[in-house]
Amino acid sequence: MAFWKPGTEKPSFVEDEEGGIVLMSNNLSSSSSSSFGYANIEKQRQRLPVYKYRTEILYLVENHATTIIVGETGSGKTTQIPQYLKEAGWAEGGRVIACTQPRRLAVQSVSKRVADEMGVNLGDEVGYTIRFEDHTTSGVTSVKFLTDGVLIREMMEDPLLTKYSVIMVDEAHERSISTDILLGLLKKIQRRRPELRLIISSATIEAKAMFNFFNTSKKRQAPEGSTQGPKLEPAILSVEGRGFSVKIHYVEEPVSDYIRSVVSTILLINEREPPGDVLVFLTGQDDIETAIKLLAEEAHSHQKNSSGLLPLPLYSGLSRAEQELIFTPTPRGKRKVILSTNIAETSLTLEARLLGVVYVIDSGFSKQKFYNPISDIESLVVAPISKASARQRSGRAGRVRPGKCYRLYTEDYFLKQMPGEGIPEMQRSNLVSTVIQLKALGIDNILGFDWPSPPSPQAMIRALEVLYSLQILDDDAKLTSPTGFQVAELPLDPMISKMILASSELGCSDEIITIAAVLSIQSVWVIARGVQKEQDEAKLRFAAAEGDHITFLNVYKGFLESKKSSQWCYKNFLNYQSMKKVVEIRDQLKRIARRLGITLKSCEGDIDAVRKAVTAGFFANACRLEPHSNGVFKTVRGSEEVYIHPSSVLFRVNPKWVVYQSIVSTERQYMRNVVTINPSWLTEAAPHFYQNRQNNMSL
DNA sequence: GAGCACTGC
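Residues numbered from 1 in each chain as written. Chains lettered and ligands numbered in written order. Predicted model: local features only at pLDDT ≥ 70, side-chain atom pairs only at ≥ 80, totals over all residues. Heavy atoms only, no water.

**Some details on the pattern of salt bridges**
Scanning the entire structure with this criterion turns up 24 salt bridges. Here Glu240 and Lys52 are joined by a salt bridge, their closest N and O atoms 2.9 Å apart. Here Glu240, found in the loop between strand E9 (235-239) and strand E10 (246-251), pairs with Lys52, found in the loop between helix H1 (38-47) and helix H2 (54-63); they are 188 residues apart in sequence, far enough to count as distant. Take Glu240: its relative accessible area is 26%, and that puts it in the partly exposed class. Looking at Lys52, the relative accessible area reads 59%, which means it is exposed. Residue Lys416 is joined to Asp412 by a salt bridge in which the shortest nitrogen-to-oxygen separation is 2.8 Å. With Lys416 and Asp412 both in helix H14 (residues 411-417) and 4 residues apart, this pair spans about one turn of that helix. Classification of Asp412 as partly exposed rests on a relative accessible area of 41%. The network of salt bridges with common partners includes Glu42, Arg45, Arg54, Glu87, Arg113 and Glu117. (Salt bridge = Lys/Arg side-chain N within 4 Å of Asp/Glu carboxyl O. Helix = DSSP H or I, 4+ residues; strand = E, 2+ residues; numbered from the N terminus. Buried < 20%, exposed > 50% of the residue type's maximum accessible area, 1.4 Å probe, protein only.)

Written out as structure tokens, the structure is:
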């Protein structure tokens, strides 16, 4: 395969003038204030690129309602700007400076870093809040880091977020659902609180969209010469990052098989390039395992080419121990080849550990979620990435010294066909949770809400329909009382919340809250590669004839009986981290349930009560086995052809009637988490929904 | 007998 270096591609990152290894602001090295003197920390802070813009940033924030900061990785914006604001007096008079992040881990590590730099205890002047963890002190904490989801929750108590003087929304370019909801709500708040300042931190490509979204100056022209309030037109400021130049190489002709191209590019690098680790971006576990297998085959046939290569897979499904492998230093004479999913594109924990990477290979694809409002099914599809993602990926090559990025697509494709930015998650998702959050905040005109990127009306209408069928919204699309308001209190998928409410009447809330906690995490099982048989046997020890939900009750019971032992989890192929999370979520739900007046009551083995409660939440996901078919089910709602997922305890059992929690859509559409039901429960649980479907219901 | 990019309240 031949690569060429185009003259037109500008390096994404400027070379650091000082050379050598630089300390990046989001470097996770746990340097604490005790190991560095104050002067040292001050010097480090001043060396960050953002420091040059300190005065300018403060001026812009003072004079503009919204300031958009475009900052590359390593500019120091996240840790420094909140401190500048504090130093400039924005936290005086009991006011609080907030900085939101999309991920919990980022909140924790950034707040720790800032507390260290300020020489204070985390939880005093500098604090953080994430789900399950509130490390702030009311009246003391003036710089607060939090996930955007937590800030949205705070609006339910304080709709105008009155205690905050400045809110910085970090990583806004990622365009996650909660960031987009937050941006829409903050824009509304600004109208009522002109003194509130917003800082939107974004990558280059999204800055223009953010500017347009927050530019309300045309509609609400402030009087000329008026000194009252900040300018409504947003300011944009660009801050350079701290990376090295990355040379971009494209393929001359489109590749037909990107996995084979990845392998030949790895061999090419190994043959021609000086030492340095390789980071490869692929789409998923399958791709990664295929590539590793092909590399091993190459090692047999062309020993020379592949000598010294150390292939390492990296994806979220790996156990912690397996992920640790990439953290070990590269042995002398070896070259690590990390084959990764998108996890390496955003994960902060990994960032500090990928510093040996000098070469990046970008397949140009990733797995992305898409939502079909007609079938109401979300699926994961391999799709081309955006230019923004491509830049992010190539940037991973230039963290310690100048690097190279090999893009397995043509330059022409990059320039002319690759979309500039990805489709915001909001436009690729089921919206029931989003709608319920807005309703809970008193926003009635959902269809007219001012979004950064509005979702399709079909998706909105589908969400309203589902919520109506669950009797969470009424004929006027208002929250019902008490059901709707109670559902909004629970931080869960509305169907799960509805199931909990139903369990209160059915006398099985103790069991259902356990099920709810399990359903709201990924999976309690570990991914057992090569030991499926053993895992299946372990599963059988918990399996219940009624289905997965009841099986989860057995798993939870066993976990408690083991005294929450990690050893026990290991023996039973259960994910210990997941089980601990189940306990945590269960405790939170218990607290909320008590507040909602739901008394925790066990049904003492009355499994029908549990299945009825599940049906009350998930009746819309009912399926019937096709007679004389080999495990083909049809959804009652849309007559879609679906199958029971092989991971379910009901796989191959194929009972006549089931409800499922969700569908994973791959080659086939598989139902995940399935429980048997009696079809008469459907009309009982949702007469309104099944009224017109009576004909389909006959047994 | 198949598979799961990543978050979050």
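**Re the sheet that holds strand E8 (residues 197-202)**
Pairing is mixed across the open sheet formed by 8 strands, whose spatial order is E5-E4-E6-E3-E7-E8-E2-E9. What marks the edges here is a single partner per strand, and that holds for strand E5 (133-135) and E9. The mean inter-strand angle of the sheet, taken between neighbouring strand axes irrespective of direction, is 20°. Bridge count between strand E3 (residues 96-101) and strand E7 (residues 164-169): 5 bridges; the pairing is parallel. When the bridges of E7 are listed, Ala98 appears paired with Ile167. Contacting strand E2 (66-71), E3, strand E6 (143-147), E7 and E8, helix H3 (residues 77-87) runs over the sheet at an angle of about 170° to E3. Docked against the sheet, helix H4 (residues 104-118) engages E3, strand E4 (126-130), E5 and E6, running at close to 170° with respect to E4. (Pairing = 2+ DSSP bridges. Axes fitted to C-alpha atoms, helices over the stretch in contact; angles between N-to-C directions. Contact = heavy atoms within 4.5 Å.)

**Things to note about the protein's contact with DNA strand B**
Taken together, the neighbourhood of DNA strand B is formed by 32 residues, with Arg104, Arg131, Ser316, Asp536 and Thr666 sitting nearest. One of the backbone N or O atoms of Arg104 is found 2.3 Å from a phosphate oxygen in DNA strand B. At 2.6 Å from a phosphate oxygen of DNA strand B is found a main-chain nitrogen or oxygen belonging to Arg131. For the surface near DNA strand B, the elements supplying multiple residues, two or more each, are helix H5 (148-157), strand E15 (365-372) and helix H20 (532-542). (Near = heavy atom within 4 Å. Polar contact = N/O pair within 3.5 Å; in protein donor to acceptor, adjacent residues only side chain to side chain.)

**A few points about the sheet that holds strand E19 (residues 633-635)**
Taken in spatial order, the 5 strands of this closed barrel run E18-E19-E20-E22-E21, and their pairing is mixed. Sheet twist, expressed as the average angle between the axes of neighbouring strands with direction ignored, equals 50°. Summarising the sheet, E19 and strand E20 (residues 641-644) pair through 2 bridges and their orientation is antiparallel. Each residue of the ladder has a partner; that of Lys634, found in E20, is Glu641. Of the strands in this sheet, strand E18 (622-625), strand E21 (657-665) and strand E22 (669-676) are in contact with helix H24 (residues 607-618), which crosses E21 at around 50°.

**Section: the packing of helix H21 (residues 548-561) against helix H23 (residues 576-595)**
One can describe the packing of H21 onto H23 by two numbers: an axis separation of 11 Å at closest approach and a directional angle of 95°. With respect to H23, the axis of H21 lies roughly perpendicular. Along the contact surface, H21 presents Val555, Tyr556 and Phe559, while H23 presents Tyr576, Met579, Lys580, Val582, Val583 and Arg586. Residue composition of the contact of H21 with H23, grouped by class: 7 nonpolar, no polar and 2 charged. (Parallel < 35°, antiparallel > 145°, perpendicular 65-115°, else oblique. Nonpolar A, V, L, I, M, F, W, Y, C, P; charged D, E, K, R; others polar.)

**So, the packing of helix H19 (residues 509-519) against H24**
The contact between H19 and H24 brings their axes to 10 Å, and the two run at 50°. The angle between H19 and H24 falls in the class oblique. In the packing of H19 onto H24, the handedness of the crossing is right-handed. Contact with H19, carried on its side by Glu511, Ile512, Ile515 and Leu519, involves Val610, Ala613, Val614 and Phe618 of H24 and no other residues of that element. For the contact of H19 with H24, a count of residues per class yields 7 nonpolar, no polar and 1 charged. (Left-handed = near helix turned anticlockwise from the far one by under 90°.)

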